[in-house]
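Spelled out, the chains give:
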Amino acid sequence: YDIEPYSPILDAVVGRAGVVFHTAKKAYTTRFIGAPFYYEQGQEIGDSSTPISAASIVSAGDNIMWVSENGWWAFNGVSVQPVDCHVWSFVKDNINNLYSRYEACLIDITVKSEMWWFYVSEDARYNDLAIVFNYRDGWWAMHKISRTCGSGSSYTTFPIMSDGEKIFLHEKGE
């Protein structure tokens, strides 16, 4: 494949439009062609938008979305577009970039059309702040909450999240 030389692949997510993967500087997409392991050659789809962490990218609906050092991004199967984040100035002023590279995570709660992005604040070592984006209605929210990982939900189950010590049924409050 013709991707930038000597740069490891940092993440990969499967979506409706194929697989999106990032190197240190660029985003690429590839699609499965057929058995046993045939994929089209990686196509460059953007640069300067590498996710803050390997866990800061998810497939949600028709898009693959991620959070980078310069904002939120979405790939719709054709192009990468910035997502207007109304609370990004708060994030930029309060993020610990070093620890967020290791700790930050993005969780899609499909039944609520929400993405929860957890990151490390300036004076912390572990995720203690969150930004919520409702991609159906277009609203943003900020929270002070500690979560290190999680899994979205279905129509019959609650999202499950953890702070590294305890597991929570996120929407139920347990």
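Report on the accompanying structure. (Residues numbered from 1 in each chain as written. Predicted model: local features only at pLDDT ≥ 70, side-chain atom pairs only at ≥ 80, totals over all residues. Heavy atoms only, no water.)

Below, the discussion takes up the overall build of the protein chain. Within the protein chain, the regular secondary structure consists of 2 helices and 17 strands. Its C-alpha atoms put the protein chain at 45 × 35 × 30 Å along the principal axes. Counting all 174 residues of the protein chain, 48% fall into the buried class. Summarising the internal contacts of the protein chain: among those between residues at least 6 apart in sequence, 39% fall at separations of at least 24. (Helix = DSSP H or I, 4+ residues; strand = E, 2+ residues; numbered from the N terminus. Buried < 20%, exposed > 50% of the residue type's maximum accessible area, 1.4 Å probe, protein only. Contact = heavy atoms within 4.5 Å.)

The next subject is the nonpolar core. Ranked by internal contacts, the top residues of the largest apolar core, which has 22 residues, are Trp72, Trp117, Tyr119, Ile131 and Trp140. Breaking this core down by element, the ones donating at least two residues are β7 (57-60), β8 (63-68), β9 (71-75), α1 (88-94), β12 (114-119) and β13 (129-134). Not counting residues up to four positions away in its chain, the partners in contact with Trp140 are Trp72, Val83, Asp84, Cys85, His86, Val87, Ile131, Val132 and Phe133. Counting residues in each nonpolar core, the second largest holds 11 residues, with Ala17, Val20, Ile64 and Trp73 among its members. (Core = buried A, V, L, I, M, F, W, Y, C linked by side-chain atoms within 4.5 Å.)

Where nonpolar side chains cluster on the molecular surface, the patch consists of Phe32, Phe37 and Tyr39 and spans about 390 Å² of accessible area. Relative to the assigned elements, Phe37 resides in the loop between β4 (32-34) and β5 (38-39). The exposure class of Phe37 is exposed, given its relative accessible area of 71%. (Patch = residues over 30% accessible without salt bridge, like charges linked within 9 Å, V, L, I, M, F, W, Y side chains within 5 Å. Areas by Shrake-Rupley, 256 points an atom, 1.4 Å probe, with all protein chains shown as cover. Salt bridge = Lys/Arg side-chain N within 4 Å of Asp/Glu carboxyl O.)

Here we take up the environment of Asp93. Summarising the element assignment, Asp93 is placed in helix α1. With relative accessibility at 55%, the residue Asp93 sits in the exposed group. Asp93 sits 29 residues away from Glu122 along the chain, and the two C-alpha atoms are 8.2 Å apart.

Here we come to the environment of Gly71. Its location among the elements puts Gly71 in strand β9. When the C-alpha atoms of Gly71 and Cys85 are compared, they prove to be 7.1 Å apart, with 14 residues separating the residues in sequence. Residues within four places of Gly71 in sequence aside, it is in contact with Trp66 and Trp88.

This next bit is on the pairing of strand β10 (residues 80-83). Bridge analysis of β9 against β10 gives 4 bridges, and the strand direction is antiparallel. Each residue of the ladder has a partner; that of Ala74, found in β10, is Gln81. Connecting β9 to the next strand, β10, in antiparallel fashion are 4 residues, including Gly77 with a positive phi near 100°. (Pairing = 2+ DSSP bridges.)

On to the layout of surface pockets, then. There is about 170 Å³ of room inside the largest pocket. If you trace the largest pocket, you find 13 residues lining it, with Leu10, Thr50, Pro51, Ile52 and Arg101 closest to the centre. Broken down by class, the residue content of the lining of the largest pocket amounts to 4 nonpolar, 6 polar and 3 charged. (1 Å grid on protein atoms, 1.4 Å probe; cavity = no way out; pocket = protein on both sides within 12 Å on 5 of 7 lines; lining within 4 Å. Points joined across faces, edges and corners; volume = space filled by probe spheres on them. Nonpolar A, V, L, I, M, F, W, Y, C, P; charged D, E, K, R; others polar.)

Turning our eyes to something else, we now look at the environment of Ile33. Within the secondary structure, Ile33 is located in strand β4. Of the residues examined, Ile33 reaches a relative accessible area of 60% and is grouped as exposed. Among all residues touching Ile33, those that are not within four sequence positions of it are Tyr38, Tyr39 and Glu40.

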